[in-house]
Amino acid sequence: MGSKRVYSICAMCTGRCPIVVDVNGNEVEHIWGNPHLLGGYHLCPRGAAGKALLNDTERPQTPLIRDGERGSGKWKSVSWDEALDYVAEKLKKIIDTYGAKSVVLSDRGGAITEFEKTFIAAIGSPNYFNHHAACSNSIHNAHLSVAGLARNGVTYDYKNCKYLVSFGRNLLESLVTGEAKNVIDMIDNGGKLIQIDVRWNYTAAKADRFFLINPGTDYALALALIHVIIKDSLYDSDFVKRWTVGFEELSNFVKPYTPEFAEKETGIPAAEIVKLAHDVGNAKPSVIFHLGWMTAWYSNDFYLRRAICSLNALLGVYEAKGGLIINKGPAAVGKPLKSLLAQVPKPKDPRFDGCGTKYPHLSGQWGLAQELAHVLLTDDPYPVRAYIVFRHDPLASLPDPDFFRSAFKKLDLLVSIDVNYSETGWFSDVILPEDTYLERTDHVIARNGPKPGYILRQAAVQRRFDTRPRWWIFKELANRLGVGQYFPYNSIEELIAWQLEGTGYKLEDFNEKGYIELVDKPIMWDRTDGLKFKTPSGKIEFISKKLEDAGVPSFIPYEKPIELKPGRFRLVTSKCALHTQGRTTSNNRLLNEYVSENHLYIHEDKAVELGIKEGDLLEVENEGEKQYIKAKLTKYIHPDVVFMLHGFGDDVPLRTRSFGKGASDIRLQKGLAKVAIGGNCPYTECTVSVKKAN
Ligand code: SF4
């Protein structure tokens, strides 16, 4: 084996950046960004550190079956046949007793999800959900209700944007490589960045204006901006007339939310709010109000996100240069990929989590992860007895993991399919270890955007351990359960050829640049007659018929956030450029060297009041849960807030670099595994007390 360069897709976070991998023999020498798509070789640190994952012996190396109590860490290493037979036999028994709907499956979400979605549908269960369910559901459901578009149904045209307004999206720190680069290009081109947050961060440092907002009051600010934009006729009247319904109702609703009202709530001067409304009004339609990313904030987050979507609509930014371009897929140019999932009959049972029934306004596309524990404990609407967790770690990402752990005890089967030892994997009955993204080829995925196309993750090196790719694992399980006909291929190459049938392309066509572009120029729909909003009216709906039919109001009045009791702080979390939101990078040898634990950021005045000094070990407490973490004093944070990076406080002993380091935010989020109106968990409703540890 000599040197070679392989085009692929990063999997170190959910961003799926296009990469090139330089390989020497069977070793990865370096991982770069794909210059054809990223405009250079740049990559975030997590992406570059992917090579440390490949040879990491602290990941599962063979299939494992539990050989002791759940969570005891006692495992029996078994062959693939033994592990798959074991899982299939258990599933058969559970399906015979409780029906196929008693099996649920979750994953990390994203575009490479055909295998697991096909598998769960093939056995007859409607119960797929994903990680986004907890932390991005409010934006997803809000955008669907306003514009009929998914959270990722639009491309942000940053490079041509004149005003980018971000409510807490930390674009330059909890970053996705291409997006961060485009924002920097926007700034270089003279575009303005406005950051609104409860703490200064790297994005705030690059912003033209930064507003330190009182925690939990973002909705008041958004309503006041709408108020000024309508009152001062700053909106795009042609767009609003042609493409929206409910403008009059919106105008009446926001009348009380004056800038002066918002100043009292948010702490942002009324004059600044008026100026921002005029600035974006003058720059329209080359304006973006960022929809959000990890948006699981407060109980009213759904309405904040609906207000943000409404701001975009009022300024007519959809399908405008420098605004939000509606994504087009390969089907738009007559070249759709063939889909495994499309061959499977849709399961008829209602979902376990109530999407479409108990919660008629919520999409089941991502589902409701937080409902799983409640359903397990109550058997309502029906018993769930098997859970397959695929590259997803609910016990490291959902609030109050001990609550979930106790509910998981009711499962007859818990299977983790993952590259890493996850917290959930550690508590499972079986671990099926997957090849890393550098060792496996996945199915082709559609690149949706102004220039639709296809992109492919391709194996760069041979596997290190007794692991397998996802296409093989799900096919083998399906064969054992008698539904192998839905996986009609014998190799990934055969599947790719089938997917591409009728498109005129083949596997080799990915060799030149790693992707295939189906058009030369961006497809832009006509803003007079050609826009397609998938709402019941075909327009942007300030008043949503679907919501109202479900008994959910289109607007709700602003309510003050809960008052903090003396000595309490709101706990706010985020991620940094070196670690993902979950625990997929905390034990990475290269990344752990730089950031191996988290710290509690606290305002220095509050620290003085509490007798806390830089580096002191602190006890952070909520509802009896105590976490220990070192102090970081700063004046760049709202005094009512303390902040820590998410993803630390690892409980898996085999992950020796991250085990026991730092504090777990989710353990402190007691009682928050609940469904807010937008389907998200209200993570930021968590308050804590802080003191020096004894
Ligand atoms: S943002 Fe970084 S870690 Fe995430 S996919 Fe892109 S390169 Fe990989």
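Residues numbered from 1 in each chain as written. Predicted model: local features only at pLDDT ≥ 70, side-chain atom pairs only at ≥ 80, totals over all residues. Heavy atoms only, no water.

A. View of the sheet that holds strand β19 (residues 453-455). Spatial ordering of the open sheet is given by β18-β19-β20, a layout of 3 strands whose pairing is antiparallel. In this open sheet, the two strands that pair with only one neighbour each are β18 (445-447) and β20 (515-517). Between one strand axis and the next, the sheet turns by 25° as a mean value, whatever way the strands run. When β18 meets β19, the two strands line up antiparallel, connected through 3 bridges. Looking across to β19, one finds that I445 is bridged to I455. (Pairing = 2+ DSSP bridges. Helix = DSSP H or I, 4+ residues; strand = E, 2+ residues; numbered from the N terminus. Axes fitted to C-alpha atoms, helices over the stretch in contact; angles between N-to-C directions.)

B. Geometry of helix α10 (residues 218-231). For α10, with 14 residues, the first-to-last C-alpha span of 20 Å sits near the 20 Å given by 1.5 Å per residue. Taking burial as the measure, the 14 residues of α10 include 13 buried ones, the bulk of the element. Phi for S233, located one or two positions after α10, is positive at around 50°. (Expected span 1.5 Å × (residues − 1). Buried < 20%, exposed > 50% of the residue type's maximum accessible area, 1.4 Å probe, protein only.)

C. Spatial organisation of the site of the ligand. Lining the immediate environment of the ligand, one finds 13 residues, of which C10, C13, C17, C44 and R46 sit closest. Partitioned by chemical class, the residues of the shell around the ligand number 8 nonpolar, 3 polar and 2 charged. (Near = heavy atom within 4 Å. Nonpolar A, V, L, I, M, F, W, Y, C, P; charged D, E, K, R; others polar.)

D. Highlighting the environment of T357. Turning to its location among the elements, T357 is positioned in the loop between β14 (324-326) and α16 (371-378). Note: C-alpha distance between T357 and H599 (242 residues apart in sequence) is 42 Å.

E. Quick look at the pairing of strand β26 (residues 641-645). Most of β26 sits out of view: 5 of its 5 residues are buried. A two-sided burial pattern is seen for β26, the buried positions comprising V641, F643 and L645 on one face and V642 and M644 on the other. The sheet contact formed by strand β22 (residues 568-574) and β26 spans 5 bridges and is parallel. Opposite L571, over in β26, you have V642 as the bridge partner.

F. Representation of the pairing of strand β24 (residues 617-622) in the model. Among the 6 residues in β24, 5 count as buried, and that is most of the element. Where β24 meets strand β25 (residues 625-634), 6 bridges bridge the pair, whose relative direction is antiparallel. Pairing of L617 across the sheet is with K630, part of β25. Adjacent in sequence and paired antiparallel, β24 and β25 are bridged by 2 residues, among which E623 carries a positive phi angle near 45°.

G. Main features of helix α7 (residues 137-147). Burial runs high along α7: 10 of the 11 residues are buried. Burial in α7 covers these residues: N137, S138, I139, H140, N141, A142, H143, S145, V146 and A147. Looking at the packing, one finds that the buried side of α7 touches α6 (132-135), β8 (154-156), α15 (301-314), β21 (540-541) and α21 (545-549). Immediately beyond the C-terminal end of α7, within one or two residues, lies G148, with a positive phi of roughly 70°. (Contact = heavy atoms within 4.5 Å.)

H. How the structure looks around the nonpolar core. Residues F167, F289, Y318 and F533 are the most contacted members of the largest nonpolar core, which totals 97 residues. Considering every element that reaches this core, the biggest residue donor is α10, with 11 residues. The residues that make up this core include at least three from each of domain 1 (136-327 + 524-550) and domain 2 (568-692). Those residues in contact with F289 that lie beyond four places of it in its chain are V165, F167, L225, V280, I308, L311, N312 and L315. Among the nonpolar cores identified, the runner-up in size contains 49 residues, and Y454, L477, L481 and W498 belong to it. (Core = buried A, V, L, I, M, F, W, Y, C linked by side-chain atoms within 4.5 Å. Domains from an automatic or database assignment.)

I. Just the side chain of S138, in detail. Counting through the fold element by element, S138 comes out in helix α7. The class of S138 is buried, set by a relative accessible area of 0%. Looking at S138, its side chain comes within polar contact range of the side chain of D301, at 2.6 Å. (Polar contact = N/O pair within 3.5 Å; in protein donor to acceptor, adjacent residues only side chain to side chain.)

J. Focus on the domain arrangement of the protein. With domains assigned, the protein is organised as domain 1 (136-327 + 524-550) and domain 2 (568-692). Here domain 1 and domain 2 have C-alpha centroids that lie 29 Å from each other. Buried area between domain 1 and domain 2, summed over both chains or domains, comes out near 2,000 Å², and the portion from carbon and sulfur atoms is 62%. Broken down residue by residue, the surface that domain 1 buries against domain 2 is led by R199, P215 and Y298, which jointly contribute 26%. The tally of links between domain 1 and domain 2 comes to 0 salt bridges. Taken together, the connections running from domain 1 to domain 2 amount to 7 residue pairs in polar contact (both at pLDDT 80 or more). Those elements that provide at least two residues to the side of domain 1 that touches domain 2 are α7 and α15. (Buried area = accessible area lost by both parts, 1.4 Å probe. Salt bridge = Lys/Arg side-chain N within 4 Å of Asp/Glu carboxyl O.)

K. The arrangement of the packing of α10 against helix α12 (residues 247-254) in detail. Following both chains from N to C, one finds α10 and α12 inclined at 115°, their axes separated by 9 Å at the closest point. Where α10 crosses over α12, the two elements pack in a sense that is left-handed. Listed contacts from α12 to Y219, L223, I226, H227 and I230 of α10 are F247, L250, S251, F253 and V254. Its residues assigned to classes, the contact of α10 with α12 shows 8 nonpolar, 2 polar and no charged. (Left-handed = near helix turned anticlockwise from the far one by under 90°.)

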